[in-house]
Amino acid sequence: MLRLLEKAEQTHQLTKEEIVELLSEENYDEALFASADRVRRSFVGDGVHLRGLIEFSNICKQNCLYCGLRRDNKKIRRYRLTSQEIIDFAAKAVQYGYKTVVLQSGEDDSYDVDTMTTIIRQLKEMELAVTLSLGEKSRADYAAYKAAGADRYLLRIETSDRELYEKLDPGQSWDNRYRCLLDLKELGFELGTGCLVGLPGQSLESIADDILLFAKLDADMVGIGPFIANPDTPLAQAENGAFALSRKVMALTRLLLPEANIPATTAMEALHPQGRILALQSGANVVMPNVTEGEYRKMYLLYPGKICLNDTPAHCRGCITGKINGIGRHVATDFGFRNKKNK
Ligand code: 5AD
Ligand code: SF4
Ligand code: FES
């Protein structure tokens, strides 16, 4: 097993069988985390990139069985920020020293291409790197966002298992989601994808396929988080995905994609009080603090136990900086592009 890890650390390659072996074995977890931590340090360094997250609409036309924003969930209050509110939050993100903002929403068609491109152009004037996370759109829409200046796009494949995906995301097609990822890559976005770990019906083999898919796509960013059962969804009774397993998936992703930007995801900290810090010590190099203010945070409830619901953006900025410094790392001051065009 140690030899396998050594090979992965040197060659950044593992077969599906080898990944499954590492995922099923628990005695070598610490060695795996240490290995991923070394690869992280030598390829992307000790700087942690902060991305200011703006959750601008919790309205979604999709109905994913795991997600609190699903259209059939009548228990949450819905909101949409105006373009001006989005820009105001971004201006504050600049004041807090964030170099990137991530605009995230449910699949909400009320923000049409003109609205989005106008917002993107204004954000680019503020010298921000702009990441979008708006779900599945047409190639033409993606091209328009790119032309307006958007730099990166996040779209998790959620699971590489087509059958499981189409069961959990009713009405959505796995092929179309994959098409979106290829389009985004061809259009020149930095491409972010990722998966949920511990979905009901998901096997270790299928998780190994997820990791190999990230490598095949040569993803620039990979967001991995445990599935957390949400009481307001059809999966209310399902078991939570495991923290340790998610951390291993993150570490293995670092071994296979040594230069990728890998966030220590918020969902990790929903399951463990030191979740993001442990993730940063086992492969991750990015944190995405929320810069949405006021009541909106509580309304963007993908899963229960989401952190920072009552905290202000200023508080989170200070909190996460303290945590990062506390483990001997520092907040990076460049844009944090994967391809190192950081000026
Ligand atoms: N638990 C954890 N993550 C979730 N997401 C949606 N619902 C849940 C849940 N119950 C994740 C999805 C989506 C991202 C925005 O949030 O992976 O891509
Ligand atoms: Fe909508 Fe995304 Fe939630 Fe699915 S996971 S219901 S697409 S916000
Ligand atoms: Fe929000 Fe710590 S990052 S309170």
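Our subject is the structure listed above.
This report concerns the structure included in the present document. (Residues numbered from 1 in each chain as written. Chains lettered and ligands numbered in written order. Predicted model: local features only at pLDDT ≥ 70, side-chain atom pairs only at ≥ 80, totals over all residues. Heavy atoms only, no water.)

## Considering the overall build of the chain
So, step 1. The helix and strand inventory of the chain stands at 14 helices and eight strands.
So, step 2. A globule of 343 residues ought to have a C-alpha radius of gyration of about 20 Å, and the chain, at 19 Å, matches this closely.
So, step 3. Along the three orthogonal principal directions, the C-alpha set of the chain runs to about 55 × 40 × 40 Å.
So, step 4. Sorting the 343 residues of the chain into buried and exposed places 57% on the buried side.
So, step 5. A total accessible area of about 13,800 Å² is found for the chain, and carbon and sulfur atoms account for 50% of it. (Helix = DSSP H or I, 4+ residues; strand = E, 2+ residues; numbered from the N terminus. Rg over C-alpha atoms; globule rule 2.2 N^0.38 Å. Buried < 20%, exposed > 50% of the residue type's maximum accessible area, 1.4 Å probe, protein only. Areas by Shrake-Rupley, 256 points an atom, 1.4 Å probe, with all protein chains shown as cover.)

## Description of the site of ligand 1
So, step 1. In the neighbourhood of ligand 1, the contacting residues comprise Tyr 66, Cys 67, Arg 156, Glu 158, Leu 196, Pro 226, Phe 227, Ile 228, Leu 302 and Tyr 303.
So, step 2. The separation between a nitrogen atom of ligand 1 and a polar main-chain atom of Tyr 66 is 2.9 Å.
So, step 3. Within the contact set of ligand 1, an oxygen atom lies 2.8 Å away from a side-chain nitrogen or oxygen of Arg 156.
So, step 4. Its free accessible area being 410 Å², ligand 1 has 88% of it covered by the protein chains.
So, step 5. Residues belonging to the shell around ligand 1 are distributed by class as follows: eight nonpolar, no polar and two charged. (Near = heavy atom within 4 Å. Polar contact = N/O pair within 3.5 Å; in protein donor to acceptor, adjacent residues only side chain to side chain. Nonpolar A, V, L, I, M, F, W, Y, C, P; charged D, E, K, R; others polar.)

## Quick word on the nonpolar core
Inside soluble globular proteins, nonpolar side chains tend to come together where they are buried.
So, step 1. If you look at the biggest cluster of nonpolar residues, it comprises 99 residues, and the most contacted ones within it are Leu 132 and Tyr 145.
So, step 2. If sequence neighbours within four positions are ignored, Leu 132 has contacts with Leu 103, Met 116, Ile 120, Tyr 145, Ala 150, Arg 152, Tyr 153 and Leu 154.
So, step 3. With six residues, the next largest nonpolar core counts Leu 53, Leu 154, Met 221 and Met 288 among its residues. (Core = buried A, V, L, I, M, F, W, Y, C linked by side-chain atoms within 4.5 Å. Contact = heavy atoms within 4.5 Å.)

## Details of the pairing of strand β5 (residues 190–197)
So, step 1. With eight of eight residues buried, β5 lies mostly within the body of the structure.
So, step 2. Taking every second residue as pointing to the same face, both faces of β5 are buried, with Glu 190, Gly 192, Gly 194 and Leu 196 on one and Leu 191, Thr 193, Cys 195 and Val 197 on the other.
So, step 3. Sheet topology places strand β4 (residues 152–154) next to β5; three bridges connect them, and they run parallel. Bridge pairing links Arg 152 to Glu 190 in β5. (Pairing = 2+ DSSP bridges.)

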